[in-house]
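# Architecture and fold: a report
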Amino acid sequence: MSVSFDECDITRTIIEYSSKDLVNFSKVDIIIVGAGPSGLTAGYYLAKRGLKTLILERRLSLGGGIGGGGMLFHKIVASVKAREILDEMNCRYEISKENENLIVMDASELLIKLGSAAINSGAKLIFGISVEDVIYRDNPFRIEGVVIQWSAVHLSGLHVDPLMIRAKAVIDATGHDAEVISVVAKKIKDLGISVLGEKSMYSVKSEDLVVERTGKIIEGLYATGMAVAAYYNLPRMGPIFSSMLLSGKKIAEIVISDITR
Ligand code: 48F
């Protein structure tokens, strides 16, 4: 059976539906910056709770550091503490014969299951957008949204003014550079905050500390995943992903309790 449409219908459909989405998501409950393991997990639990959740990812793909596995080997590990979350997302794994406290899975499966859990729960994930700044208000001080730009514009080096999105809470899930907190620290100097950067490797310690320190940074701005390690100068942990998932779940619980009070 042949069907009929012309090129203009393709163009109009893409522009019309993308614009509709962008207008709809110009004001949301939560913006998550970064679609790595911590951001996707947070997105899953926030959207599952019925909150309007937008995940912005600068690349044209999801998963952050998941896809690279450990030094490009395709398996990654987690501690058994993350089993409940993985079970909830139907991600298959095995207990490691090396150490029964470790579980092992395909990086590709974790990436896909986390992404589909977040999207199926109702989170909107948009690729190719970089967060370059925040919106803030004083008296009382709080972060009220983000400033966005097409990643392609950043790469081009062209001077193009950005657009803005408002949110009740912004979550920095940008990983090792804690990019959102860094921009706040750099630009709003009177806050007196700084991103210390992560320490060298100490996996077992970092796994606990990252989850423990996951939380609010300043009013309206929260951190999850390796952004927490970067902010507090905690050790890195390498290709073990349990604390990323547990941190994502924890930040969702904190944000839910703060914005539904
Ligand atoms: O780096 P990433 O995976 O962060 P994470 O969730 O997980 C860290 C682990 O992957 C691993 C580890 C522990 O197991 O050490 O490295 O903390 O994902 C961060 C995502 O944020 C995107 C980036 O492309 C990546 O996909 N991102 C970073 N900065 C921005 C951004 C930005 N300014 N705007 C939009 N997206």
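So, here is what we can say about the structure in this document. (Residues numbered from 1 in each chain as written. Predicted model: local features only at pLDDT ≥ 70, side-chain atom pairs only at ≥ 80, totals over all residues. Heavy atoms only, no water.)

Now for the site of the ligand. Near the ligand lie 27 residues; those nearest to it are S38, E57, G65, H176 and M226. Take R59: an N or O atom from its side chain is 3.3 Å from an oxygen atom of the ligand. At a separation of 2.8 Å, an oxygen atom of the ligand approaches a polar backbone atom of M226. Here the ligand, which alone exposes 720 Å², has 93% of that area covered by the protein. Listing elements by their share of the shell around the ligand, those giving two or more residues are helix 2 (37-48), strand 2 (53-57) and strand 7 (129-137). Top contributing element to the shell around the ligand by residue count: strand 7, with 3 residues. (Near = heavy atom within 4 Å. Polar contact = N/O pair within 3.5 Å; in protein donor to acceptor, adjacent residues only side chain to side chain. Areas by Shrake-Rupley, 256 points an atom, 1.4 Å probe, with all protein chains shown as cover. Helix = DSSP H or I, 4+ residues; strand = E, 2+ residues; numbered from the N terminus.)

Two faces, one strand: in a regular strand the side chains alternate between the faces of the sheet. Extensive coverage of strand 1 (residues 27-33) is indicated by the burial of 6 of its 7 residues. In the sheet, strand 1 pairs with strand 9 (residues 163-172) via 6 bridges, with the strands oriented parallel. Considered in strand 9, the bridge of I32 is made with I171. Running through helix 2, the crossover from strand 1 to the neighbouring parallel element strand 2 is right-handed. (Buried < 20%, exposed > 50% of the residue type's maximum accessible area, 1.4 Å probe, protein only. Pairing = 2+ DSSP bridges. Right-handed = clockwise from strand over helix to strand, strands pointing away.)

On to the pattern of salt bridges, then. Under the definition given, this model contains 14 salt bridges. When the shortest N-O distance is used, the salt bridge between K81 and D208 registers 2.7 Å. Here K81, found in the loop between strand 3 (75-79) and helix 3 (83-88), pairs with D208, found in helix 7 (residues 203-213); they are 127 residues apart in sequence, far enough to count as distant. Among the residues examined, K81 registers a relative accessible area of 54% and is labelled exposed. With relative accessibility at 38%, the residue D208 sits in the partly exposed group. Via salt bridges that share partners, R142, K216, E219 and D258 belong to a single interconnected network. (Salt bridge = Lys/Arg side-chain N within 4 Å of Asp/Glu carboxyl O.)

Here we come to the packing of aromatic side chains. Throughout the structure, instances matching the rule amount to 3 aromatic pairs. The interplanar angle of 70° and the centroid separation of 4.6 Å between the aromatic rings of Y44 and Y45 together place this pair among those described as edge-to-face. Both residues of the pair, Y44 and Y45, belong to the buried class. When the centroid spacing of 4.7 Å and the interplanar angle of 75° are considered together, the rings of Y231 and Y232 count as edge-to-face. Across the ring face of F25, the terminal group of K52 is positioned such that the distance to the ring centre comes to 5.3 Å. (Phe/Tyr/Trp six-rings, centres within 6.5 Å; stacked < 30°, edge-to-face > 60°. Lys NZ or Arg CZ within 6 Å of the ring centre and 35° of its normal.)

Our focus in this paragraph is the environment of L110. By the element assignment, L110 lies in helix 4 (residues 107-120). Those residues in contact with L110 that sit more than four places away from it in its chain are I66, I76, L86, C91, M105 and F241. (Contact = heavy atoms within 4.5 Å.)

Attention shifts here to unusual backbone geometry. Backbone torsion omega between N139 and P140 reads -5°, so that peptide bond is classified as cis. As for its position among the elements, P140 is in the loop between strand 7 and strand 8 (142-150). One non-glycine residue, M71, lies in the positive phi region at around 50°. For M71, the position within the fold is in the loop between strand 2 and strand 3. Looking at M71, the relative accessible area reads 75%, which means it is exposed. Positive phi is not limited to glycine here, since N233 has a value of about 55°. By secondary structure assignment, the location of N233 is in the loop between helix 8 (226-232) and strand 13 (235-236).

What follows concerns the side chain of T41. Here T41 shows up in helix 2. On the accessibility criterion, T41 (0% relative accessible area) is buried. In this structure the side chain of T41 is engaged in a polar contact, spanning 2.6 Å, whose partner is the backbone oxygen of P37. Sequence-distant contacts of T41, that is, excluding residues within four places in its chain, are made with I85, M89, L114, L245, G248 and K249.

With 18 residues, helix 9 (residues 242-259) should reach 26 Å at 1.5 Å per residue; the first-to-last C-alpha distance of 26 Å fits that figure. Taken residue by residue, helix 9 has S242, S243, M244, L245, S247, G248, I251, A252, V255 and I256 as its buried positions. (Expected span 1.5 Å × (residues − 1).)

The subject of this paragraph is helix 2. The first and last C-alpha atoms of helix 2 sit 17 Å apart over 12 residues, in line with the 16 Å expected at 1.5 Å per residue. Counting buried positions along helix 2 gives 11 out of 12 residues, so the element sits mostly inside the fold. Turning to helix 2, its buried residues are P37, S38, G39, L40, T41, A42, G43, Y44, Y45, L46 and A47. G50, located one to two residues past helix 2, shows a positive phi value of around 90°.

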